[in-house]
Amino acid sequence: MQPADLIAAIATAPGRGGVGVIRLSGPALQPLAAALTGKTPQARHATLVRFKDEAGEAIDSGLLLYFPAPHSFTGEDVLELQGHGGPAVLQRLLKRCLQLGARLAEPGEFTRRAFLNDKLDLAQAESVADLIEASSEEAARSAMRSLSGDFSRQIHALVEGLIQLRMLVEATLDFPEEDIDFLEAADALGQLRSLRAALATLRGQARQGRLLRDGLNVVLVGQPNVGKSSLMNALAGDDVAIVSDTAGTTRDSLRELIHIEGIPLHLIDTAGLRQTDDHVEQLGIARTRAALDKADLVLLLVDAQHGLTPAEQAILDTLPAVPRITVYNKIDLSGETAASELGADGMRVRLSARQGDGVDLLRQQILHVAGWHSGEGVFMARERHLTALAAASEALERAEAGWQQIELFADDLRQAQQQLSSITGEFTADDLLGEIFSRFCIGK
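Please read all numbers here as calculations on a predicted model, not as lab measurements.

**Q** Is there a simple way to explain the overall build of the chain in this structure?
**A** Secondary structure assignment for the chain yields 16 helices and 13 strands. Among the 444 residues that make up the chain, the fraction classed as buried is 49%. Considering only contacts within the chain whose residues lie at least 6 apart along the sequence, 65% involve residues at least 24 apart. Counting every atom, the chain has about 21000 Å² of accessible surface; 50% of that belongs to carbon and sulfur.

Structure follows, in structure tokens:
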């Protein structure tokens with residue numbers, strides 16, 4: 001275990017509640033517990049106590065739990081003080097802990113200590129924050145799979161395969177006159193291809209996990225009065241945007257978070273794109289352009305009564321190179337039926353936002369364009385995981401292309417192993433650790 005000082009923090013969310021928890025981690029916690037409560041705690045037993053201030057007066061009453069090292073979340077001695085959930089009470093109790101020698105924990109410091117003491121690997125540690133921040137049931141299940149080690153086990157299996165292959169390749173370097181024959185006899189190329197196939201499957205699962213964690217920025221654009229606000233309300237299932245027949249009603253970007261099969265969609269309803277002398281509307285249009293620069297998917301709305309016009313084509317010509325679905329709205333007025341089809345301008349969906357016909361078709365097409373397919377075994381993943389998996393894949397691709405150059409082959413395998421190991425934390429720079437854990441909440 002890593003030597004560390006004593007830290008303390010409120011572990012429950014801010015505000016009032018029935019129960020509030022203060023967590024402490026570090027060395028020699030039994031004397032602190034005795035000074036705070038007058039009792040020496042028993043390991044892994046809940047003891048009813050009074051928490052006392054420096055004058056011996058009661059701050060609160062509640063439960064004292066003690067988890068001695070190394071059998072605790074952090075791998076150090078851990079105390080949990082479970083009292084009433086009032087902010088004033090918790091602050092008084094925390095102040096008393098600081099008087100007794102603890103310091104206030106930094107964001108994520110408890111989980112960082114668990115990582116440094118080999119209680120969790122880095123991917124599991126990140127999944128703690130992902131579980132807390134999960135915005136859907138599917139995201140919570142996926143984060144729990146990562147916390148349970150599903151993702152890490154697949155990474156370790158790949159690393160073990162690479163180690164075996166590297167041992168084989170390194171051994172051939174001592175016998176350069178027989179190296180190619182030796183590798184062919186050991187089916188080194190077949191082993192490499194199996195590793196590449198397993199890595200490709202893992203990358204696909206990780207992309208699904210990133211969708212669950214980060215979701216998509218979906219921007220609605222179009223001419224004024226084509227039904228963007230109505231569509232946003234239909235997708236959200238609530239009246240979150242003002243609907244009016246007056247062109248230019250939406251002057252600013254409206255944002256709403258919705259979920260489709262557990263995938264978070266950040267819907268952005270924008271001001272209609274047109275030429276205008278209205279200064280306020282011009283500001284809204286400028287914000288529309290800014291939202292488009294960050295979009296993962298664009299929904300271009302068109303009035304189904306007249307289809308694509310030169311005005312819509314002008315919008316198309318200025319859209320960034322991101323996936324797009326053209327939505328032909330108001331089929332209740334044009335007399336068409338709801339449908340989705342692949343046209344010359346890409347994917348098209350015909351619907352009525354006001355009546356709701358075809359909205360489910362649009363939801364399914366959004367998931368299709370995003371690359372989502374529901375299934376068991378999806379785990380939570382982050383952008384850095386995808387970057388490392390992509391770099392490992394590129395290294396293995398280079399290794400297969402030049403496998404007869406043994407020194408380069410060995411180096412490519414080493415680079416792939418290092419990239420994969422960075423996911424679980426075997427090879428990770430301290431500055432990256434600081435960046436990761438600084439995003440955690442205090443007390444976790």
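**Q** Would you take a moment to explain the UniProt feature "binding site: (6S)-5-formyl-5,6,7,8-tetrahydrofolate" (unreviewed entry) in the chain for this structure?
**A** The feature "binding site: (6S)-5-formyl-5,6,7,8-tetrahydrofolate" (unreviewed entry), as given by UniProt, occupies Arg23, Glu80, Lys119 and Lys444 in the numbering adopted here. Residue position: Arg23 is located in strand E2 (residues 20-26). Judged by its relative accessible area of 12%, Arg23 is buried. With near-sequence residues (within four places) excluded, Arg23 lies in contact with Ile7, Ala8, Ala9, Ala11, Val78, Leu79, Glu80, Phe110, Gly443 and Lys444. When sequence neighbours within four positions are dropped, the list of residues in contact with Glu80 reads Val21, Ile22, Arg23, Leu63, Leu64 and Leu65. Reaching out from Glu80, the side chain makes a polar contact with the side chain of Arg23 at a distance of 3.5 Å.

**Q** Sorry, what's going on with the pairing of strand E4 (residues 58-67) here?
**A** Where a strand is regular, its side chains alternate between the two sheet faces. Looking at chain direction, strand E3 (residues 47-52) and E4 are connected through six bridges and run antiparallel. The partner of Lys52 across the bridge, within E4, is Ala58. Where E4 lies against strand E5 (residues 77-83), five bridges are found, and the strand directions are antiparallel. Considered in E5, the bridge of Leu63 is made with Gln82.

**Q** Please explain the pairing of strand E10 (residues 297-303) as it appears in this structure.
**A** Counting buried residues in E10 gives seven out of seven residues, a clear majority hidden from the surface. Because side chains alternate across E10, one face comprises the buried residues Leu297, Leu299, Leu301 and Asp303, and the other comprises Val298, Leu300 and Val302, equally buried. Bridging between strand E7 (residues 216-222) and E10 involves five bridges; their strand directions are parallel. By the bridge assignment for E10, Val221 is matched with Leu300. Inspection of the sheet shows E10 paired to strand E11 (residues 324-329) by six bridges, in the parallel sense. If you follow Val302 over to E11, its bridge partner there is Tyr328. With helix H11 (residues 310-318) bridging E10 and the parallel E11, this β-α-β connection has right-handed handedness.

**Q** Please explain helix H3 (residues 109-116) as it appears in this structure.
**A** Each full turn of the α-helix corresponds to 3.6 residues, which orients residues three or four apart in the same direction. Taken across its eight residues, H3 has six buried, putting it largely inside the fold. Every buried residue belonging to H3 is among Glu109, Phe110, Thr111, Arg113, Ala114 and Phe115, and all of these are buried. Following H3 by one or two positions, Asp118 adopts a phi angle in the positive range, close to 65°.

**Q** Mind showing me how you'd approach the sheet that holds strand E12 (residues 339-343) here?
**A** What links the strands of a sheet is backbone hydrogen bonding, and the strands pair in either a parallel or an antiparallel sense. Strand order in this open sheet of seven strands is E8-E9-E7-E10-E11-E13-E12, and the pairing throughout is mixed. The strands lining the two open edges of the sheet, one partner per strand, are strand E8 (254-260) and E12. Along the sheet, successive strands turn relative to each other by an average axial angle of 25°, direction set aside. Bridge analysis of E8 against strand E9 (residues 263-269) gives seven bridges, and the strand direction is antiparallel. By the bridge assignment, Ile258 is partnered in E9 with Leu265. Along the sheet face, helix H9 (residues 228-236) touches E7, E8, E9, E10 and E11 and points at about 35° away from the line of E8.

What counts, and where the lines are drawn
- For every chain, the first residue of the written sequence is number 1, and numbering continues from 1 onward in sequence order.
- Residue-level local features of this predicted model are given only where pLDDT is at least 70; pairs of side-chain atoms are given and counted only at 80 or more, and the full residue set underlies all totals for whole chains, interfaces and linings.
- In computing side-chain properties, one takes all heavy atoms of the structure into account and sets aside hydrogens as well as water.
- To qualify as a helix, a DSSP run of H or I must reach at least 4 residues; to qualify as a strand, a run of E must reach at least 2; elements of each kind are numbered from the N terminus.
- Relative accessibility thresholds used throughout: buried, under 20% of the residue-type maximum; exposed, over 50%; partly exposed, between the two (1.4 Å probe, protein chains only).
- Residues are treated as being in contact if the distance between any of their heavy atoms lies within 4.5 Å.
- Surface exposure here means Shrake-Rupley accessible area, sampled with a 1.4 Å probe, where a residue is shielded only by the protein chains that are shown.
- UniProt positions are given in the numbering used here, feature names are shortened, and annotations may be inferred rather than shown by experiment.
- The definition of a polar contact used here is a pair of N or O atoms within 3.5 Å, where within protein one atom must be able to donate a hydrogen and the other to accept one, and adjacent residues in sequence count solely through side-chain atom pairs.
- Following DSSP output, two strands are said to pair if at least two bridges run between them.
- Every crossover in which the path from the first strand over the helix to the second runs clockwise, viewed with the strands pointing away from the viewer, is termed right-handed.
- Fitting a line to C-alpha atoms yields each axis, with helices limited to the stretch in contact; the angle taken between N-to-C directions then spans 0 to 180 degrees.

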